[in-house]
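Examination of the molecular architecture
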Amino acid sequence: MMVRFLAGGLTGTRLAMLALLLAAAVLVPVLNLSLPADHPLHVPTYAVTLMGKYLTYALLALALDLVWGYCGILSLGHAAFFALGGYAMGMYLMRQIGTRGVYGDPVLPDFMVFLNWKELPWYWSGFDAFPFAIAMALAVPGLLAFVFGWFAFRSRVTGVYLSIITQAMTYALLLAFFRNDMGFGGNNGLTDFKDILGYSVQSDATRSGLFAASALALAASLVLAIAITGSKLGKVLIAVRDAESRTRFLGYRVEHYKLFVWTVSAMMAGLAGALYVPQVGIINPGEFAPANSIEAVIWVAVGGRGTLVGPIIGAVLVNFAKSWFTAALPEIWLFALGALFVAVTLFLPKGILGLAATLRARLPKRKDKTSPADVSAGAPIAPAPALARNQAAE
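This report concerns the structure included in the present document. (Residues numbered from 1 in each chain as written. Predicted model: local features only at pLDDT ≥ 70, side-chain atom pairs only at ≥ 80, totals over all residues. Heavy atoms only, no water.)

Focus on the overall build of the protein
- Of the regular secondary structure elements, the protein holds 17 helices and four strands.
- Taking all 394 residues of the protein together, the buried fraction comes to 44%.
- Look at the contacts in the protein between residues 6 or more apart in sequence, and 76% of them connect residues 24 or more apart.
- One way to put it: in the protein the 28 positive side-chain charges average out to a point 13 Å from where the 19 negative ones average out. (Helix = DSSP H or I, 4+ residues; strand = E, 2+ residues; numbered from the N terminus. Buried < 20%, exposed > 50% of the residue type's maximum accessible area, 1.4 Å probe, protein only. Contact = heavy atoms within 4.5 Å. Lys, Arg positive; Asp, Glu negative; His and termini not counted. Charge placed at Lys NZ, Arg CZ, Asp CG, Glu CD.)

The following block contains the structure:
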């Protein structure tokens, strides 16, 4: 069944994107680790880290497109799921520091020693194991999304009201994680990481490995999204997006479909956050900021909502522009981002991929002409219009 879904969905740009991600997962680490620094094809480590961060953003954009582009749920709170996944990974990385911290405590992180904590909180238990941390990076955002969606969708909260509630959710988490007594580092968050799976997070090999993991995770998530949207479930999601009341009238339990795709999307965002943290080296409450969720919406809009590949392209392009603008013209970056969103809304409502599809449709199509070889071989020739009319009259 999965093969049938993928066979119908892996076409054109989607297949090209998957091939590009798989190739990048192999080529970029090879070009970084195997070639000397002065080689023209060498990829520097800082570029590997930067591209890895872009890929985690692309995974977040893909997760958002799954609910917004195919189910019509405009979430302004996906940064919350991203940050929760990041904190789960950050807790694992903090447990790996051990006696190498500033205070040398083998169990308690430095910020807990500084705040006179006497023992590790119960919710930090188990985070010394990598599989447990990955499981929590998926389970915690998924559980929050499930509980939130259970109440919101059963109450039939839709449209702008649902968007506002999702933004309120992420802002509430922002305020909560700022508190020192929450046990997550307060305003400073979690940082000063040393190892992941026994390897230094600062080494070139680890950076390349994290990039490859990000590319493979994005490719796997894209395959999952294609399978979901290409199935009968995906057709119902599109029906919910386009005519929710009519879909409900036909007998579908709309809230169940919404809850499923909302939970899956949150888990994908949590995975993106878990891959993001070891590459940037820090996670703090600022990742919960509502502005981050709004920026993710811009990535999806720029690339093309409801295309799966478009949000990946949009996330990479917008963040590349952000990196350039913040270095060259930092004072105008926010104005440029706002202007970009307005321009896309007015002139490119279907995003970059939508524009490409429109341009392809306007290209003149080649007309097949019958060659003399075809005639000599006995190929049928369409009758002339006048002859066709005479034959019809007879």
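Now that the structure has been shown, the text picks up again.
Quick word on the packing of aromatic side chains
- What the rule picks out here adds up to 20 aromatic pairs.
- On the basis of an interplanar angle of 75° and a centroid distance of 5.9 Å, the ring pair of Y87 and F184 is categorised as edge-to-face. Of this pair, Y87 sits in helix α4 (residues 78-95) while F184 sits in the loop between α7 (159-177) and β1 (190-191), and the two are 97 residues apart along the sequence.
- Y87 sits in the buried class, given a relative accessible area of 2%.
- According to the relative accessible area criterion, F184 is buried, its value standing at 12%.
- A ring pair is formed by F177 and F288, whose centres lie 4.8 Å apart and whose planes are at 35°; its orientation type is tilted. Taken as a pair, F177 in helix α7 and F288 in the loop between β4 (282-283) and α12 (290-303) lie far apart in primary sequence, 111 residues in all. (Phe/Tyr/Trp six-rings, centres within 6.5 Å; stacked < 30°, edge-to-face > 60°.)

Let's talk about the nonpolar core
- In terms of nonpolar packing, the biggest core is built from 103 residues, with W124, L190 and F288 touching the most fellow members.
- For this core, the element with the highest residue contribution is helix α3 (residues 45-71), accounting for 16 residues. (Core = buried A, V, L, I, M, F, W, Y, C linked by side-chain atoms within 4.5 Å.)

Remarks on empty space enclosed by the protein
- Within the structure shown, the criterion is met by one cavity of 30 Å³ or more.
- Its boundaries defined by the atoms lining it, the largest cavity holds a volume of some 90 Å³.
- If you go around the largest cavity, the residues you meet are M94, R95, I97, G98, G101, G104, D105, P106, V107, L108, P109 and D110.
- Across the lining of the largest cavity, the residue classes tally to six nonpolar, three polar and three charged. (1 Å grid on protein atoms, 1.4 Å probe; cavity = no way out; pocket = protein on both sides within 12 Å on 5 of 7 lines; lining within 4 Å. Points joined across faces, edges and corners; volume = space filled by probe spheres on them. Nonpolar A, V, L, I, M, F, W, Y, C, P; charged D, E, K, R; others polar.)

A short note on the environment of V26
- Locating V26 in the fold gives a position in helix α2 (residues 13-33).
- With a relative accessible area of 52%, V26 lands in the exposed category.

Observations regarding unusual backbone geometry
- Of note in the backbone geometry, N116 takes a positive phi value of approximately 65° without being a glycine.
- Counting through the fold element by element, N116 comes out in the loop between α5 (110-114) and α6 (130-154).
- A relative accessible area of 58% means that N116 is categorised as exposed.
- With a phi angle near 70°, L308 is a residue other than glycine that sits in the positive phi range.
- For L308, the position within the fold is in the loop between α12 and α13 (309-328).

A closer look at a nonpolar patch on the surface
- A surface patch of nonpolar side chains, about 510 Å² in accessible area, is lined by L143, F146, V147, W150 and F151.
- Here L143 shows up in helix α6. (Patch = residues over 30% accessible without salt bridge, like charges linked within 9 Å, V, L, I, M, F, W, Y side chains within 5 Å. Areas by Shrake-Rupley, 256 points an atom, 1.4 Å probe, with all protein chains shown as cover. Salt bridge = Lys/Arg side-chain N within 4 Å of Asp/Glu carboxyl O.)

Regarding the environment of T206
- Checked against the element boundaries, T206 lands in helix α8 (residues 204-229).
- The exposure class assigned to T206 is buried, which follows from its relative accessible area of 9%.
- Sequence separation between T206 and I196 is ten residues; the distance between their C-alpha atoms is 8.3 Å.
- If sequence neighbours within four positions are ignored, T206 has contacts with I196, Y199, S200 and V201.
- A polar contact of 2.6 Å, which involves the side chain of T206, links it to the backbone oxygen of S200. (Polar contact = N/O pair within 3.5 Å; in protein donor to acceptor, adjacent residues only side chain to side chain.)

Quick look at the pattern of salt bridges
- Under the definition given, this model contains nine salt bridges.
- A salt bridge links K194 to D192; the nearest nitrogen and oxygen atoms lie 3.3 Å apart.
- On the basis of relative accessible area, D192 is assigned to the partly exposed category, the value being 36%.
- Here R253 and E255 are joined by a salt bridge, their closest N and O atoms 3.0 Å apart.
- With relative accessibility at 44%, the residue R253 sits in the partly exposed group.
- For E255, a relative accessible area of 13% corresponds to the buried category.
- Through salt bridges with shared partners, one network takes in E244, R248, R253, E255 and K258.

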